[in-house]
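Commentary on secondary and tertiary structure
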Amino acid sequence: MKGFDFIVRWVLLALGTGLRWLREELDEVHVSIPLTDGCLAEFVRHADEAARQAGTNTGQSYVERLRHELALRAGFIQRWTGSDENLSLRDEQSLQDLVRIARRYALPRRWKLSEPVVVEYRRTRPSYWQWTNDIETGAVPQA
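For clarity, every value in this text was computed on a predicted model and none was experimentally measured.

As for the nonpolar core
- Core analysis: the largest hydrophobic core is formed by 27 residues, its most contacted members being L22, L26, F43, L66 and F76.
- Sort the elements by how many residues they give to this core and helix α4 (residues 62-82) lands first, with seven residues.
- Setting aside residues up to four positions removed in sequence, F76 forms contacts with F43, L87, L95, L98, V99 and A102.

Notes on the packing of helix α2 (residues 17-28) against helix α3 (residues 37-54)
- Relative orientation of the contacting elements α2 and α3 amounts to 100 degrees, with a least axis distance of 9 Å. Relative to α3, the element α2 lies roughly perpendicular. Where α2 abuts α3, its residues G18, L19, L22, R23 and L26 lie against D37, L40, A41, F43 and V44.

Notes on the side chain of T81
- Following the sequence through the fold, T81 ends up in helix α4.
- Relative accessible area serves as the criterion here: at 11%, T81 is assigned to the buried category.
- At 2.9 Å, the side chain of T81 forms a polar contact with the backbone oxygen of I77.
- T81 has contacts with V31, I33, L107, P108 and R110, leaving out every residue within four places of it along the chain.

Side note on α4
- Here α4 contains 21 residues, and its C-alpha end-to-end distance of 30 Å stays within 8% of the 30 Å for a straight helix at 1.5 Å per residue.
- Those residues of α4 that sit buried are Y62, R65, L66, E69, L70, R73, A74, F76, I77, W80 and T81.

Concerning the pattern of salt bridges
- Under the definition given, this model contains seven salt bridges.
- Here R23 makes a salt bridge to D37, at a shortest N to O gap of 2.2 Å. Residue R23 is found in helix α2, and its partner D37 is found in helix α3; the two are separated by 14 residues along the sequence.
- The residue R73 makes a salt bridge to E69 at a minimum N-O spacing of 2.5 Å. Here R73 pairs with E69, and both are found in helix α4, just four residues apart, close to one helical turn.

Observations concerning the packing of aromatic side chains
- For the structure shown, the criterion picks out two aromatic pairs.
- Between the aromatic rings of F43 and F76, the centroid separation amounts to 6.3 Å while the plane-to-plane angle is 50 degrees, which identifies the pairing as tilted. Of this pair, F43 sits in helix α3 while F76 sits in helix α4, and the two are 33 residues apart along the sequence.
- On the accessibility criterion, F43 (0% relative accessible area) is buried.

Here is what the cut-offs are and how they apply
- Residues numbered from 1 in each chain as written.
- Predicted model: local features only at pLDDT ≥ 70, side-chain atom pairs only at ≥ 80, totals over all residues.
- Heavy atoms only, no water.
- Core = buried A, V, L, I, M, F, W, Y, C linked by side-chain atoms within 4.5 Å.
- Buried < 20%, exposed > 50% of the residue type's maximum accessible area, 1.4 Å probe, protein only.
- Helix = DSSP H or I, 4+ residues; strand = E, 2+ residues; numbered from the N terminus.
- Contact = heavy atoms within 4.5 Å.
- Axes fitted to C-alpha atoms, helices over the stretch in contact; angles between N-to-C directions.
- Parallel < 35°, antiparallel > 145°, perpendicular 65-115°, else oblique.
- Polar contact = N/O pair within 3.5 Å; in protein donor to acceptor, adjacent residues only side chain to side chain.
- Expected span 1.5 Å × (residues − 1).
- Salt bridge = Lys/Arg side-chain N within 4 Å of Asp/Glu carboxyl O.
- Phe/Tyr/Trp six-rings, centres within 6.5 Å; stacked < 30°, edge-to-face > 60°.

Put into structure tokens, the structure is as follows:
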């Protein structure tokens, strides 16, 4: 990371710009569930770490890498809260970290219900015979 990128990174994180950018990305992908500031801050820290690890081996600046990583996190949150599909990323460790954050902050997950199917149930004897087997004979008053 270049010296100038280090200063820009420090200023962006100190002013909370990364948090604001993540909220904007979530609005763009139409995530409607409320997320706590702690949850969003942890996603921003994870994106910052990924942007720093990308380093200067690409021609992008730190700001461009951070915006890209925040967009990936917003896409993950949208898929996590909007469907029950199997998630996949290029980096499995990164996916496990994102799932860990989502579970730590109990982000809701939609579950697809199976289609109802009619199943025939054949009784071996009439149902009105069953209820009398559970009654104790001592509890019934004798006339």
